[in-house]
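Spelled out from the first residue to the last, the chains are:
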Amino acid sequence: MGNGVTFLTIYVCIREPTCFLIEVLLWNSAISEDDRAPAPCPAWMSAGLARGGFPQTPKAPREGRKSYSPVKRRRKARRLSVAYEASEGEEGEGAERLQAPSWQPQDWRRQLDNIRTMRSGKDAPVDQLGAEHCFDPSASPKQVQRYQVLLSLMLSSQTKDQVTAGAMQRLRARGLTVDSILQTDDSTLGTLIYPVGFWRSKVKYIKQTTAILQQRYGGDIPASVAELVALPGVGPKMAHLAMAVAWGTVSGIAVDTHVHRIANRLRWTKKATRSPEETRRALEEWLPRELWSEINGLLVGFGQQTCLPVHPRCQACLNRALCPAAQGL
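Below or above, wherever it landed, is the structure these notes cover. (Residues numbered from 1 in each chain as written. Predicted model: local features only at pLDDT ≥ 70, side-chain atom pairs only at ≥ 80, totals over all residues. Heavy atoms only, no water.)

### A few points about the overall build of the chain
Moving on, step 1. Summing up its helical and strand segments, the chain has 14 helices and four strands in all.
Moving on, step 2. Here the chain holds 329 residues, and 38% of them are scored as buried.
Moving on, step 3. Across the chain, contacts joining residues at least 24 apart in sequence account for 58% of those joining residues at least 6 apart.
Moving on, step 4. Of the roughly 20900 Å² of accessible surface on the chain, 51% is carried by carbon and sulfur atoms. (Helix = DSSP H or I, 4+ residues; strand = E, 2+ residues; numbered from the N terminus. Buried < 20%, exposed > 50% of the residue type's maximum accessible area, 1.4 Å probe, protein only. Contact = heavy atoms within 4.5 Å. Areas by Shrake-Rupley, 256 points an atom, 1.4 Å probe, with all protein chains shown as cover.)

Structure follows, in structure tokens:
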């Protein structure tokens, strides 16, 4: 080591036949060019570098032992097991079904079967006057039918099915389309939909939503829940029902006051819920997806006929021995 640059040449040899050359330069500007030359490397290394590869350490084979080259081992392939939620009727080979949720209500399948039995007659108001019965199936093009579905859902909020159906009949008699509603003045529209609940507010919401549909969607309705709930006067329950009836897509459980009330009475939520939207999230955590489309109509009709908001008919209910709410009556 001198007063200027010191070239420290280090030969690092591994047990493998490859030898790496590491050259460390310590810089000092006060030295001459001659002092900057690195120390010469051995002849066997120079030959290896000249060939363009890493230098090979000369190694004499041991007596009675064959020389060999290292063999690259292949990693053993590992089978990846994937769990997924198969669509209805699909059974994938070698795939695992998703495990059931950790929490489920006690006796919920028996309760559900009993409600199906009590609703087998399909004679509740929702069965004849629900949203799927209020639009004109012969209307053309299809987007007119979808618009009528959305409008019937907007009218149904806080309104009995019989009143909603009557309002829809009066609107359809005048030709219920996006253009016809935009050409109808607010006073006339209010007369046509009266006496639905909050009819004055609904006149405003219908006009605003219809204008948005014409400007942004070409007169059709959005095909997603997020876009539907962004429309004036459209809530989550309406959006999920619109997706099911108008687009044929199950996007979630439609929860109204009937479903909210019955789910809490049967303890179908892990804890008591305070709003229909909170109930929807609680139900979707454990209820099998293949049942989501059935729950709304089933429980709404059950709530209209048996599990009434006031004075429920528990004595006529097949779940009277299984319902926690009935035990206190």
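### Describing helix α9 (residues 199–217)
Moving on, step 1. Between its first and last C-alpha, α9 extends 25 Å over 19 residues, near the 27 Å set by a 1.5 Å rise per residue.
Moving on, step 2. Within α9, burial applies to Lys202, Val203, Ile206, Lys207, Thr209, Thr210, Ile212 and Leu213.
Moving on, step 3. Residues of α9 that are buried sit in contact with α5 (142–156), α7 (178–183) and α8 (186–193).
Moving on, step 4. Just downstream of α9 lies Gly218, where phi reads positive at about 65°. (Expected span 1.5 Å × (residues − 1).)

### Some remarks on unusual backbone geometry
Moving on, step 1. The omega torsion across Ser140 and Pro141 is 0°, close enough to zero to call that bond cis.
Moving on, step 2. Of note, Pro141 is situated in the loop between α4 (131–134) and α5.
Moving on, step 3. Of the consecutive residues Tyr194 and Pro195, the connecting peptide bond is found in the cis state with omega at 15°.
Moving on, step 4. Along the polypeptide, Pro195 turns up in the loop between α8 and α9.
Moving on, step 5. For Lys122, which is not glycine, the phi dihedral falls at a positive 50°.
Moving on, step 6. Mapping Lys122 onto the fold places it in the loop between α2 (108–118) and α3 (125–129).

### Quick word on α2
Moving on, step 1. Buried residues of α2: Trp108, Gln111, Leu112, Asn114 and Ile115, and no others. All buried residues of α2 project into a common sector of 160° when viewed along the axis, lining one side.
Moving on, step 2. Buried residues along α2 sit against α14 (292–305). (Arc of directions from axis to C-beta.)

### Focus on the pattern of salt bridges
Opposite charge on two side chains allows them to pair when their charged atoms are near.
Moving on, step 1. Per the counting criterion, the structure on display carries nine salt bridges.
Moving on, step 2. Among the salt bridges present, the one from Asp113 reaches Arg116, with a minimum N-O distance of 3.2 Å. With Asp113 and Arg116 both in helix α2, this residue pair falls three residues apart, about one helical turn.
Moving on, step 3. Its relative accessible area of 29% is what places Arg116 among the partly exposed residues. (Salt bridge = Lys/Arg side-chain N within 4 Å of Asp/Glu carboxyl O.)

### Some points on the packing of aromatic side chains
Moving on, step 1. In total, this model carries four aromatic pairs according to the counting rule given.
Moving on, step 2. Judged by centre distance (6.3 Å) and plane angle (85°), the ring pair of Trp103 and Trp286 falls under edge-to-face. One end of the pair, Trp103, is in the loop between β4 (96–97) and α2; the other, Trp286, is in the loop between α13 (276–284) and α14, and 183 residues separate them in sequence.
Moving on, step 3. Assessed through its relative accessible area of 26%, Trp103 is described here as partly exposed.
Moving on, step 4. With a centroid separation of 5.6 Å and 90° between ring planes, the pair formed by Tyr194 and Trp199 is classed as edge-to-face.
Moving on, step 5. Among the aromatic residues, those joined into a cluster by ring pairs are Trp103, Trp108, Trp268 and Trp286.
Moving on, step 6. Between Arg146 and the ring centre of Trp247, over which it is positioned, the NZ or CZ distance is 4.2 Å. (Phe/Tyr/Trp six-rings, centres within 6.5 Å; stacked < 30°, edge-to-face > 60°. Lys NZ or Arg CZ within 6 Å of the ring centre and 35° of its normal.)

### Structural notes on the packing of α5 against helix α6 (residues 161–173)
Moving on, step 1. One way to put it is that α5 packs onto α6 with a least axis distance of 9 Å and a crossing angle of 140°. By the angle between their axes, α5 is oblique relative to α6. When you trace α5 past α6, the crossing you get is right-handed. Residues Gln148, Leu151, Ser152, Leu155 and Ser156 of α5 pack against Thr164, Ala167, Met168, Leu171 and Arg172 of α6.
Moving on, step 2. Of the residues in the contact of α5 with α6, the class split is five nonpolar, four polar and one charged. (Axes fitted to C-alpha atoms, helices over the stretch in contact; angles between N-to-C directions. Parallel < 35°, antiparallel > 145°, perpendicular 65-115°, else oblique. Left-handed = near helix turned anticlockwise from the far one by under 90°. Nonpolar A, V, L, I, M, F, W, Y, C, P; charged D, E, K, R; others polar.)

### Quick word on the nonpolar core
Moving on, step 1. Ranked by internal contacts, the top residues of the largest apolar core, which has 36 residues, are Leu150, Leu151, Leu155, Leu171, Ile181, Ile193 and Leu228.
Moving on, step 2. Secondary-structure elements contributing two or more residues to this core are α4, α5, α6, α7, α8, α9 and α11 (236–247).
Moving on, step 3. The element contributing the most residues to this core is α5, with seven residues.
Moving on, step 4. Counting 27 residues, the second-largest nonpolar core is a separate cluster that includes Trp268, Leu291, Leu298 and Val300. (Core = buried A, V, L, I, M, F, W, Y, C linked by side-chain atoms within 4.5 Å.)

### Some thoughts on the environment of Thr177
Moving on, step 1. Examined against the element boundaries, Thr177 turns out to sit in the loop between α6 and α7.
Moving on, step 2. Its relative accessible area of 29% is what places Thr177 among the partly exposed residues.
Moving on, step 3. Beyond its immediate chain neighbours, meaning those up to four positions away, Thr177 contacts Val144 and Tyr147.

### Quick notes on the environment of Met243
Moving on, step 1. The topology assignment puts Met243 in helix α11.
Moving on, step 2. With 22 residues separating them along the chain, Met243 and Ile221 place their C-alpha atoms 9.8 Å apart.
Moving on, step 3. Excluding residues that lie within four positions of it along the chain, Met243 makes contacts with Ala223, Ser224, Val225, Leu228, Gly248, Thr249 and Ser251.

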